[in-house]
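In case you want the letters, here they are:
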Amino acid sequence: MRNAYLEDLRNISDRLVDMTRLAGSAMSRASAALLDADIDLADAVIAADHEIDTAREDLDTLAIDLLARQSPVATDL
């Protein structure tokens with residue numbers, strides 16, 4: 001398999017894990033805000049959502065770029 005393709009795929013995978021951790025943390029904080037009726041924490045969770053949205057947009061761009069540049073075939077996927 002192609003090294004550049006695998007490196008790009010690994011980068012996307014690592015960034016997806018990071019985004020998943022951000023989302024998991026946001027969900028935990030949102031649950032705590034709901035259970036404790038903590039409006040300040042809820043506002044902080046809402047404000048931090050932009051970071052998750054940006055990570056998703058970056059991942060979309062990386063994935064599309066990878067598909068366009070590397071043109072993976074069935075055996076690569």
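Residues numbered from 1 in each chain as written. Predicted model: local features only at pLDDT ≥ 70, side-chain atom pairs only at ≥ 80, totals over all residues. Heavy atoms only, no water.

Student: For unusual backbone geometry, give the residues involved together with the corresponding values.
Tutor: Not every positive phi belongs to a glycine, and Ala37 is a case in point at roughly 55°. Turning to its location among the elements, Ala37 is positioned in the loop between α1 (3-36) and α2 (39-70). By relative accessible area, Ala37 is classed as exposed at 64%. (Helix = DSSP H or I, 4+ residues; strand = E, 2+ residues; numbered from the N terminus. Buried < 20%, exposed > 50% of the residue type's maximum accessible area, 1.4 Å probe, protein only.)

Student: I'd love a proper account of α1, names of residues and values included.
Tutor: In this model α1 runs 49 Å from its N-terminal to its C-terminal C-alpha over 34 residues, within 8% of the 50 Å that 1.5 Å per residue would give. Every buried residue of α1 is listed here: Tyr5, Ile12, Met19, Ala26 and Ala33. If you follow the buried residues of α1, they end up packed against α2. Following α1 by one or two positions, Ala37 adopts a phi angle in the positive range, close to 55°. (Expected span 1.5 Å × (residues − 1). Contact = heavy atoms within 4.5 Å.)

Note that every value here comes from positions in space, so none of it alone points to a role or purpose.
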